[in-house]
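Architecture and fold: a report
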Amino acid sequence: MKLGISGQALGEVMSFAQIIKIGKKYGITDYEIWPCNVGVEHDYALADLESLRELLDREQVKIYCVTQGSGFHPQAAGDAQAYAQYLIHAIDAAATLGAKVVNHYCGQVCPGETADFDRLERYWRGPLEYAEQKGIVLVLENEAHDCTSTPEKMLKIMEHFHHPNFMTNFDAVNYFHASCEGFPGAYILLKPYIGYVHIKNACLRDHRWEQPEYNQGQPMAGIYAPAPIQYAPIPQGAVNIPALLSQLEADGVYQGVCTLEPHTDPDHVEDFYAEESTWLKKLGFFTE
């Protein structure tokens, strides 16, 4: 298994060069970038990708995923044509940087709990056709509070677009956030459509014992709402991440990078990387 790091967790407080150096301390050479890592708000067309390529060459590391997070922003996602251009520019950035996938979100692209396929077509069909030309896979990440919240809802979107360049970024803990079974249930249902994987862990926030405030997240969706989610290092959470990784290896449906995505404050991000990478190495999932 190849382990990656998302540039989002530290992207607002340090340069991407510094993030790379942290990752290399733990044997990680594959990265996911966000617009904040290249000094732009939404539009990768405004980024200095040539300087980033030079940095990657010097450090002998790779970008596996380019994330377009504008789906969370009502203004950026308010116009289908403008948003499609943001997504196309992310695809161009991925092609320039040698990345395999572009991660994106539903969120404000299609507000509400039910997918509006006419609307999603306006936002995603053009970028999907462009991604196919460029050899890039669009991966839609599930989130707990939109129309991708449950495995069944995500499956409907996958079946609607039904395209090898349109897959899902599988995040088992985001399904837990929606009070769903991230593994094995969600995995079994979505196995043919997994094009990228985020790994982290969490449990329920519970006043009966001490849990650090800096790892508290948003309210749960589904039957556990409105209790907050409590993020935790992978060994300490409720979701069986080792079983997920074992099944991924056994099935061979996904052989790409599994990206660490700690949800905590910047002061504790590296603590997560250290504990999680060490633990995964001991279990034999990750070798440098």
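Preceding this paragraph is the structure being described.
This report concerns the structure included in the present document. (Residues numbered from 1 in each chain as written. Predicted model: local features only at pLDDT ≥ 70, side-chain atom pairs only at ≥ 80, totals over all residues. Heavy atoms only, no water.)

The helix and strand tally for the chain stands at nine helices and 11 strands. Radius of gyration (C-alpha) of the chain: 18 Å, near the 19 Å computed for a compact globule of 288 residues. The principal-axis extent of the C-alpha atoms belonging to the chain is close to 50 × 45 × 35 Å. The buried share of the chain, taken over its 288 residues, is 56%. At a minimum sequence separation of 6, the contacts of the chain that also span at least 24 residues come to 76%. About 12,400 Å² of surface is accessible on the chain, with carbon and sulfur atoms providing 49% of the total. If the 20 positive side-chain charges of the chain are averaged to one point and the 38 negative ones to another, these points end up 4 Å apart. (Helix = DSSP H or I, 4+ residues; strand = E, 2+ residues; numbered from the N terminus. Rg over C-alpha atoms; globule rule 2.2 N^0.38 Å. Buried < 20%, exposed > 50% of the residue type's maximum accessible area, 1.4 Å probe, protein only. Contact = heavy atoms within 4.5 Å. Areas by Shrake-Rupley, 256 points an atom, 1.4 Å probe, with all protein chains shown as cover. Lys, Arg positive; Asp, Glu negative; His and termini not counted. Charge placed at Lys NZ, Arg CZ, Asp CG, Glu CD.)

Bringing the sheet that holds strand β9 (residues 216–219) into the picture now. Across the sheet, three strands lie side by side as β8-β10-β9; this open sheet has antiparallel pairing. The open sheet has two free edges, formed respectively by β8 (201–204) and β9, since each of these has just one partner strand. Each neighbouring strand pair of the sheet contributes to a mean axis angle of 35°, computed without reference to strand direction. (Pairing = 2+ DSSP bridges. Axes fitted to C-alpha atoms, helices over the stretch in contact; angles between N-to-C directions.)

So, on to helix α7 (residues 182–190). Here α7 has its buried residues at Gly 182, Phe 183, Ala 186, Tyr 187 and Leu 190. Along the axis of α7, the buried positions cluster into a sector of 100°, meaning they face one direction only. (Arc of directions from axis to C-beta.)

This next bit is on the sheet that holds strand β3 (residues 62–68). Read once around its circumference, the closed barrel built from eight strands follows the order β1-β2-β3-β4-β5-β6-β7-β11, with strand pairing classed as parallel. Strand after strand, the sheet turns through a mean of 30° between neighbouring axes, direction not considered. Bridging between strand β1 (residues 2–6) and strand β2 (residues 30–33) involves three bridges; their strand directions are parallel. Its bridge partner lying in β2, Ile 5 is registered against Tyr 31. Those strands touched by α7 are β6 (166–171) and β7 (194–199), and its axis lies near 175° from that of β6.

What follows covers the pairing of strand β4 (residues 101–104). Side chains Val 101 and Asn 103 project from β4 onto one buried face, and the interleaved Val 102 and His 104 project onto a second face that is buried too. Looking at chain direction, β3 and β4 are connected through four bridges and run parallel. Residue pairing across strands places Val 66 opposite Val 102, the latter belonging to β4. Crossover connection from β3 via helix α3 (residues 80–97) to parallel β4: handedness right-handed. The pairing of β4 with strand β5 (residues 137–141) spans four bridges and is parallel. Considered in β5, the bridge of Asn 103 is made with Val 139. Assessed by its sense of winding, the connection that carries the chain from β4 through helix α4 (residues 117–134) to β5 is right-handed. (Right-handed = clockwise from strand over helix to strand, strands pointing away.)

This brings us to helix α5 (residues 151–161). Along α5, the residues classified as buried are Pro 151, Met 154, Leu 155, Ile 157, Met 158 and Phe 161. For α5, the angular spread of the buried residues around the axis is 160°, confining them to a single face. Buried residues belonging to α5 abut α4, β5, β6, α6 (172–177) and α7. Backbone geometry just downstream of α5 places His 162 in the positive-phi region, at approximately 40°.

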